[in-house]
Amino acid sequence: MTIQKPRVRFAPSPTGPLHIGGVRTALYNYFFARHFGGQMILRIEDTDSKRFVAGAEEYIIESLKWLGIEIDEGVGYGGNYGPYRQSERRDIYRRYVEQLLSEGKAYKAYDTAEELEAMRASSPNFQYDASTRGKMKNTLSLSLEAIEALEAAHTPFVVRIKIEPGEEIVVKDLIRGEITINSSIIDDKVLYKSSDDLPTYHLANIVDDHLMEVTHVIRGEEWLPSAPLHKLLYRALGWEETMPQFAHLALLLKPEGNGKLSKRDGDRLGFPVFPLEWKDPETGAVSMGYREEGYLPDAVVNFLALLGWNPGDNREVMSREELIASFSLERCSKSGAKFDFEKGKWFNHHYLQQEPLEALEALFRQDLVKRGIVIPDNLKDIIATVRDRVQLVSELWNETSFFFHAPEAYDEKTVKKRWKESTPQELQAVAQMLQSLTPFDSATIADRLNAFIQEQGYNMGGVMNALRLSLVGAPKGPHINDIIYLLGLEETLRRIDKAIEALA
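Quick caveat: nothing in here was measured; it's all calculated off a predicted structure. (Residues numbered from 1 in each chain as written. Predicted model: local features only at pLDDT ≥ 70, side-chain atom pairs only at ≥ 80, totals over all residues. Heavy atoms only, no water.)

1. A word on the overall build of the protein chain
- If you tally the helices and strands in the protein chain, you get 20 helices and 15 strands.
- Since a compact globule built from 504 residues should have a radius of gyration of about 23 Å, the 32 Å found for the protein chain marks it as more spread out than a globular shape.
- The C-alpha extent of the protein chain, read off along each of the three principal axes, is 110 × 50 × 40 Å.
- When each of the 504 residues of the protein chain is scored for burial, the buried share is 50%.
- Of the contacts formed within the protein chain by residues at least 6 apart in sequence, a portion of 71% connects residues at least 24 apart.
- Carbon and sulfur atoms form 48% of the exposed surface of the protein chain, whose accessible area is close to 23800 Å². (Helix = DSSP H or I, 4+ residues; strand = E, 2+ residues; numbered from the N terminus. Rg over C-alpha atoms; globule rule 2.2 N^0.38 Å. Buried < 20%, exposed > 50% of the residue type's maximum accessible area, 1.4 Å probe, protein only. Contact = heavy atoms within 4.5 Å. Areas by Shrake-Rupley, 256 points an atom, 1.4 Å probe, with all protein chains shown as cover.)

Put into structure tokens, the structure is as follows:
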């Protein structure tokens, strides 16, 4: 595919936190734009005023920044095609509403919510279209006098597109090929509501995509049924020749069972479905975020990129640059992708091993500060010792907590199995040996400790496990020589004495 500098847009609605499926849509737009040297626009589609949620727009912008999805223009970035919030473009939309009305391609409808509900109740398959509009209350069915009376009374109305039945509408999709739908099954969708002086999604996104010179619309599969309607709208406005090319991405599916991935799946199985932690402004309920759960942004990007797209070979771990260079819509799947959250942890483990220690130290330091921990000078060395054991940054605390807090209790099963009558005397001998040890480094500790236990004729497993119990309080942690070195001689001796006193 040869494309000249495409312009794509990511256009979320500020109705809550950004779902991970929306993140993938943003990613594919970003990859596509960068692959061909184009631009990416961030547009906020806030025409549904009743569903607006405070803080959602800021959340979306922060999420994209954390993930490293670079925006060229839009909300929070500026540009020459603004404003980029749909609620600030009322005058623009109104102009095109008037154009459609004056050209007879749309009409006003005054039906109340109660009247529409009554019609749906009497006709279960009711659709507001050419076969039913004559029975409803609109400018196509009412007399001029009735219309004038409604207007004089400032009766609320909506503007509906006038769909002519019986036409085969063909939409070319870059992922799914040609899609053909007969116009008879498309209802006369609402384009504008006088109650809030705002257009619906259908009109607003068409006008914005045209005026912002969007060349490709890459969006979720859920918008596929709208594509024929949007083609008709482009035609009605006289823009069919400049209509963007469509690409509809397959859904992200539940990890198990059937259906679209939802927040409930994450809550049930214990994984995030939002990039950042989200606190509901109304209920105060907090939802997990990938950032706060200890994922690295590059790992999330790599993981999501391969859910519904493949590079054409067996590569899995790919840098951002490699993803951009390899990305193509032709390799996007037509079928949904199971959301394997355990695979996401696998990716994160890999990236944790590659991450500079300074970066991990900065992330872990934030956690320690929240816990009120005094940061030791050798924090970076502590992380280096255990990072191959963790999949998430958030797991570092569980693997290192004993470095910051001496054990207050000792694992009962280990005590029963490993603490013998001879243990105090053996640990005192080990402590005395450590005091004379030079240099006091991990390798020397390992060599001398093993040799000393053998020289004394002690049971290797018994002494090592009792020593670990004394220092950690449980049968866990890295090599015992690393623990002794990182704790330091003074703290190691103190913990041995404490354990002997508590368990003797």
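Structure shown, so let's carry the discussion forward.
2. A word on the nonpolar core
- Residues Phe31 and Phe339 are the most contacted members of the largest nonpolar core, which totals 148 residues.
- Not counting residues within four places of it along the chain, the set of residues in contact with Phe31 comprises Val301, Ala305, Leu323, Ile324 and Phe327.
- With six residues, the next largest nonpolar core counts Tyr107, Phe126, Tyr128 and Met136 among its residues. (Core = buried A, V, L, I, M, F, W, Y, C linked by side-chain atoms within 4.5 Å.)

3. Comments concerning the packing of helix H3 (residues 90-102) against helix H6 (residues 201-211)
- Closest axis-to-axis distance for the H3/H6 pair is 10 Å, and the angle between their directions is 110°. As far as their axial angle goes, H6 and H3 are roughly perpendicular. Contacts between H3 and H6 involve Ile92, Tyr93, Tyr96, Val97 and Leu100 from the former and Leu203, Ala204, Val207, Asp208 and Leu211 from the latter. (Axes fitted to C-alpha atoms, helices over the stretch in contact; angles between N-to-C directions. Parallel < 35°, antiparallel > 145°, perpendicular 65-115°, else oblique.)

4. Section: the pairing of strand E10 (residues 216-220)
- With five of five residues buried, E10 lies mostly within the body of the structure.
- Here E10 runs beside strand E11 (residues 245-249); their pairing, made up of five bridges, is parallel. Within the sheet, the bridge partner assigned to Val217 lies in E11 and is Phe246.
- In this region the chain leaves E10, passes through helix H7 (residues 227-236) and returns to the parallel neighbour E11; the handedness of that crossover is right-handed. (Pairing = 2+ DSSP bridges. Right-handed = clockwise from strand over helix to strand, strands pointing away.)

5. Section: the layout of surface pockets
- Taken as a whole, the largest pocket holds about 1100 Å³ of empty space.
- For the largest pocket, the lining is made up of 37 residues, of which Ala11, Pro12, Ser13, Glu222 and Trp223 are closest to its centre.
- Mapped by element, the contributors of at least two residues to the lining of the largest pocket are strand E1 (7-10), helix H1 (20-35), strand E8 (190-193) and E10.
- The biggest single contributor to the lining of the largest pocket is H1, with four residues.
- Taken together, the residues of the lining of the largest pocket sort by class into 16 nonpolar, eleven polar and ten charged.
- Residue-level mapping places the lining of the largest pocket at the junction of two domains, with at least three residues from each of domain 1 (1-75 + 250-354) and domain 2 (87-249).
- In this structure, the second largest pocket occupies an estimated 450 Å³ of space.
- Forming the boundary of the second largest pocket are 17 residues, of which Arg291, Glu292, Leu363, Gln366 and Val393 lie nearest the centre.
- In terms of residue count, the dominant contributor to the lining of the second largest pocket is helix H12 (residues 357-370) (six residues).
- For the lining of the second largest pocket, the class distribution of residues is eight nonpolar, three polar and six charged. (1 Å grid on protein atoms, 1.4 Å probe; cavity = no way out; pocket = protein on both sides within 12 Å on 5 of 7 lines; lining within 4 Å. Points joined across faces, edges and corners; volume = space filled by probe spheres on them. Nonpolar A, V, L, I, M, F, W, Y, C, P; charged D, E, K, R; others polar. Domains from an automatic or database assignment.)

6. Regarding the UniProt feature "domain: Aminoacyl-tRNA synthetase class I anticodon-binding" (unreviewed entry) in the protein chain
- Here, UniProt's "domain: Aminoacyl-tRNA synthetase class I anticodon-binding" (unreviewed entry) annotation points to residues 376-500.
- End-to-end, the C-alpha atoms of residues 376-500 are 26 Å apart, and along that stretch the chain is 68% helix and 0% strand. (UniProt positions renumbered as here; feature names shortened; annotations may be inferred.)

7. Some points on the domain arrangement of the protein chain
- Partitioning the protein chain into domains gives domain 1 (1-75 + 250-354), domain 2 (87-249) and domain 3 (406-503).
- The gap between the C-alpha centroids of domain 2 and domain 3 is 76 Å.

8. So, the packing of aromatic side chains
- Per the counting criterion, the structure on display carries 22 aromatic pairs.
- Summarising the aromatic geometry, the rings of Phe303 and Phe339 are spaced 5.3 Å apart at their centres and angled 70° between planes, so their arrangement reads as edge-to-face. Taken together, the positions of Phe303 in helix H9 (residues 297-305) and Phe339 in the loop between strand E15 (337-338) and helix H11 (341-354) put the pair 36 residues apart, joining distant regions of the chain.
- Overall, Phe339 belongs to the buried group, its relative accessible area being 0%.
- Among the aromatic residues, those joined into a ring-pair cluster are Phe271, Phe303, Phe339, Phe341, Trp346 and Phe347.
- Here the basic side chain of Arg160 rests over the ring of Tyr128, its NZ or CZ set 3.8 Å away from the ring centre.
- Sitting over the ring of Trp346, Lys343 keeps its end group 4.2 Å from the ring centre. (Phe/Tyr/Trp six-rings, centres within 6.5 Å; stacked < 30°, edge-to-face > 60°. Lys NZ or Arg CZ within 6 Å of the ring centre and 35° of its normal.)

9. With respect to the pattern of salt bridges
- The tally for this structure, following the rule as stated, stands at 41 salt bridges.
- A salt bridge links Asp209 to Arg43, with the shortest nitrogen-to-oxygen separation between them at 2.9 Å. Here Asp209 is found in helix H6, whereas its partner Arg43 is found in the loop between strand E2 (39-42) and helix H2 (56-67), with 166 residues between them in sequence. The residues Asp209 and Arg43 share a single accessibility class, namely buried.
- With a shortest N-O distance of 3.1 Å, Arg371 and Asp367 are connected by a salt bridge.
- Arg371 sits in the partly exposed class, given a relative accessible area of 42%. (Salt bridge = Lys/Arg side-chain N within 4 Å of Asp/Glu carboxyl O.)

10. A closer look at the sheet that holds strand E5 (residues 158-161)
- Read across the sheet, four strands follow the order E4-E5-E8-E9 without closing on themselves; strand pairing throughout is antiparallel. In the strand order of this sheet, the two ends are held by strand E4 (106-109) and strand E9 (198-199), each with one partner.
- Where E8 and E9 come together, two bridges link them in antiparallel fashion. Following the sheet pairing, Tyr192 is matched in E9 by Pro199.

11. A short note on the packing of helix H16 (residues 423-435) against helix H20 (residues 489-503)
- The N-to-C vectors of H16 and H20 enclose an angle of 170°; their axes lie 10 Å apart at closest approach. Classed by the angle they form, the pair H16 and H20 counts as roughly antiparallel. Handedness of the H16/H20 crossing: left-handed. The residues of H20 that touch H16, namely those facing Pro424, Leu427, Gln428, Ala431, Leu434 and Gln435, are Leu489, Thr492, Leu493, Ile496 and Ile500.
- Within the contact of H16 with H20, the residues separate by chemical class into eight nonpolar, three polar and no charged. (Left-handed = near helix turned anticlockwise from the far one by under 90°.)

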